[in-house]
Amino acid sequence: QVQLVESGGGLVQAGGSLRLSCAASGRTFSTVIMGWFRQAPGKEREFVAAIRWSTESTYYADSVRGRFSISKDNVKNTVYLQMSILKPEDTAVYYCASNPSTSNYARLRDYTSWGQGTQVTVSS
């Protein structure tokens, strides 16, 4: 099992930036893909971004492409989500997750370990 701890959420005005961090521990060698998801009140959890651990290939939801950037630090076993040009519709709880397979990076059920989430609120 992989343990994940997110940090970096907060309140920001529209147009601002935030950087989320996700520190991984435990069986991190089993991770193939690390992803970020978000869940707004009354909505389903949705894919935001993912990074393949070995190749560093990155993937983004259409709604955040060009504004968000996912990266990782191998030494710190940490994944980051740099969020820029934030919009009120980006308001949600953001979760990082670990995927031990090479399957669909956007498919929620393929992720087996989840963090507790961090709140991001964007005011208009």
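All figures in this text were calculated on a predicted structure; none of them were measured in a lab.

Asker: Would you take a moment to explain empty space enclosed by the protein for this structure?
Answerer: Any empty space left between atoms is shown by rolling a water-sized probe over those atoms. Going through the model one piece at a time under the given rule, you end up with one cavity of 30 Å³ or more. Estimates place the volume of the largest cavity at around 30 Å³. Taken together, V2, A24, T28, T31, M34, W53 and N77 make up the lining of the largest cavity. Across the lining of the largest cavity, the residue classes break down as four nonpolar, three polar and no charged.

Asker: Help me understand the pattern of salt bridges, please; the structure alone is not making it clear to me.
Answerer: Using the criterion set out here, one finds six salt bridges in the structure. Residue E56 pairs with K72 through a salt bridge whose shortest N-O separation is 3.5 Å. Here K72 lies in strand β7 (residues 68–73) and E56 lies in the loop between β5 (46–52) and β6 (58–60), a separation of 16 residues in the sequence. Judged by its relative accessible area of 45%, E56 is partly exposed. Among the residues examined, K72 registers a relative accessible area of 14% and is labelled buried. Note that D62 is salt-bridged to R65, the shortest N-O span being 2.5 Å. Connected through salt bridges with shared partners, the residues R38, E46, R67 and D90 form a single ionic network.

Asker: Can you walk me through the environment of A106 in this structure?
Answerer: Along the polypeptide, A106 turns up in the loop between β9 (92–99) and β10 (113–114). A106 sits in the partly exposed class, given a relative accessible area of 31%. Sequence separation between A106 and Q39 is 67 residues, and the spatial gap between their C-alpha atoms is 14 Å. Apart from residues lying up to four places away in sequence, A106 is in contact with F37 and F47.

Asker: Sorry if this is basic, but what is going on with the environment of T31 here?
Answerer: Checked against the element boundaries, T31 lands in the loop between β3 (18–26) and β4 (33–39). When residues no more than four places from it in sequence are discounted, the contact partners of T31 are V2, W53, S98 and N99. In terms of polar contacts, T31 uses its side chain to reach the side chain of S98, at 2.8 Å.

Asker: I keep staring at the state of the cysteines and nothing clicks. Help me out?
Answerer: One covalent bond between the sulfur atoms of two cysteine residues makes up a disulfide. A complete count under the given rule lists one disulfide for this structure. There is a disulfide in this structure between C22 and C96, and the S-S distance comes to 2.0 Å. Here the S-S torsion is close to 55°, and the disulfide linking C22 with C96 is therefore right-handed. Taken together, the residues C22 in strand β3 and C96 in strand β9 connect sequence positions 74 residues apart. Overall, the relative accessible area of 0% leaves C96 in the buried class.

What counts, and where the lines are drawn
Residues numbered from 1 in each chain as written. Predicted model: local features only at pLDDT ≥ 70, side-chain atom pairs only at ≥ 80, totals over all residues. Heavy atoms only, no water. 1 Å grid on protein atoms, 1.4 Å probe; cavity = no way out; pocket = protein on both sides within 12 Å on 5 of 7 lines; lining within 4 Å. Points joined across faces, edges and corners; volume = space filled by probe spheres on them. Nonpolar A, V, L, I, M, F, W, Y, C, P; charged D, E, K, R; others polar. Salt bridge = Lys/Arg side-chain N within 4 Å of Asp/Glu carboxyl O. Helix = DSSP H or I, 4+ residues; strand = E, 2+ residues; numbered from the N terminus. Buried < 20%, exposed > 50% of the residue type's maximum accessible area, 1.4 Å probe, protein only. Contact = heavy atoms within 4.5 Å. Polar contact = N/O pair within 3.5 Å; in protein donor to acceptor, adjacent residues only side chain to side chain. Disulfide = S-S within 2.5 Å.

Bear in mind that shape data such as this cannot, by itself, settle questions of function.
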